[in-house]
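Descriptive structure summary
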Amino acid sequence: MPNLTYHDKIAVLDLGADENRFSPAFLDEVNAHLDTIVADGAQGLVTTASGKFFSNGLDLDWLGANSGRGPWYVGEVQHIFARVLALPVPTVAALPGHAFGAGAMLAIAHDYRVMRADRGYFCFPEVDIRIPFTEGMAALIQAKLTPKTAIASMTTGRRFGGTDALAVDIVDATAAEGAITDTALALLAPLGGKDSGTLGAIKNTMFAGALAALTAARQTD
């Protein structure tokens, strides 16, 4: 399950050591940690993982066993994306391994991304697994990627290694094994001390369309 620690005033959220799929319990943990990060006045967030996956995304086993709650579940997943997208601190996703589907979307929701150079894939496999993007998911991705890269990643199911992802601006930096989190921390270091109210307002304005699409269908139950 996700675990929160601090490096100086920067929060480090480790999603876990397995596939880190988005079960309802997992989403609850992440939400609670995001609450803590804001309440503590953290000056940044690095989200990473300790296994070979950053995240494999949706918990399809849970979804298959609870198909009647599908709309609620998608709403909760998109709520996490929206929270990270508008979080009032600088954010970096540090990818030590695979980021697939909704796991890749969580990475895209961060301000910046660092990916291991020699191993792991970033992939939106939806076209190959016959799961169309929701309006909110598409809006999130298209708010962060150029039209050319959005087409190359969203319509093909292509698996981008770190070097390829850097070349098309999916990620902002690559790093060697063992140096990914440190690279992310170094990227955030000059950004500490920004006023959270101002930064949050800027993000809410920048991404107003994506945030509206991500939150429109959220259910209260």
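Please refer to the structure placed before this passage.
What comes next concerns the included structure. (Residues numbered from 1 in each chain as written. Predicted model: local features only at pLDDT ≥ 70, side-chain atom pairs only at ≥ 80, totals over all residues. Heavy atoms only, no water.)

**Structural notes on the nonpolar core**
Formed by 57 residues in total, the largest nonpolar core has its most connected members in Phe22, Phe81, Phe122 and Phe124. Going through the elements one at a time, β2 (10-14), α1 (24-39), α3 (70-85), β5 (91-95), α4 (102-109), α6 (135-144), α7 (147-154) and α11 (208-215) are the ones with two or more residues in this core. For this core, the element with the highest residue contribution is α3, accounting for 8 residues. Discounting chain neighbours no more than four positions away, the residues touching Phe81 are Phe22, Ala102, Met105, Leu106, Ala109, Met137, Leu140 and Leu214. One finds Ile10, Val12, Val46 and Ala173 within the second-largest nonpolar core, a separate group that totals 12 residues. (Core = buried A, V, L, I, M, F, W, Y, C linked by side-chain atoms within 4.5 Å. Buried < 20%, exposed > 50% of the residue type's maximum accessible area, 1.4 Å probe, protein only. Helix = DSSP H or I, 4+ residues; strand = E, 2+ residues; numbered from the N terminus. Contact = heavy atoms within 4.5 Å.)

**Looking at the packing of α4 against α6**
For the pair α4 and α6, the least separation of the axes is 10 Å and the interaxial angle reads 45 degrees. What the angle tells us is that α4 and α6 run oblique. Crossing hand, α4 versus α6: left-handed. The segment α4 lies against α6, with Met105, Ile108 and Ala109 engaging Met137, Leu140, Ile141 and Lys144. Per-class residue counts for the contact of α4 with α6 are 6 nonpolar, no polar and 1 charged. (Axes fitted to C-alpha atoms, helices over the stretch in contact; angles between N-to-C directions. Parallel < 35°, antiparallel > 145°, perpendicular 65-115°, else oblique. Left-handed = near helix turned anticlockwise from the far one by under 90°. Nonpolar A, V, L, I, M, F, W, Y, C, P; charged D, E, K, R; others polar.)

**Focus on the pairing of strand β7 (residues 112-116)**
Burial analysis of β7 places 4 of its 5 residues in the buried class, which makes it a mostly covered element. Summarising the sheet, β5 and β7 pair through 4 bridges and their orientation is parallel. Residue pairing for β7: Ala94 is matched across the bridge by Val114. Relative to strand β10 (residues 173-175), β7 is paired through 3 bridges, and the arrangement is parallel. Along β10, the bridge assignment pairs Arg116 with Ala175. (Pairing = 2+ DSSP bridges.)

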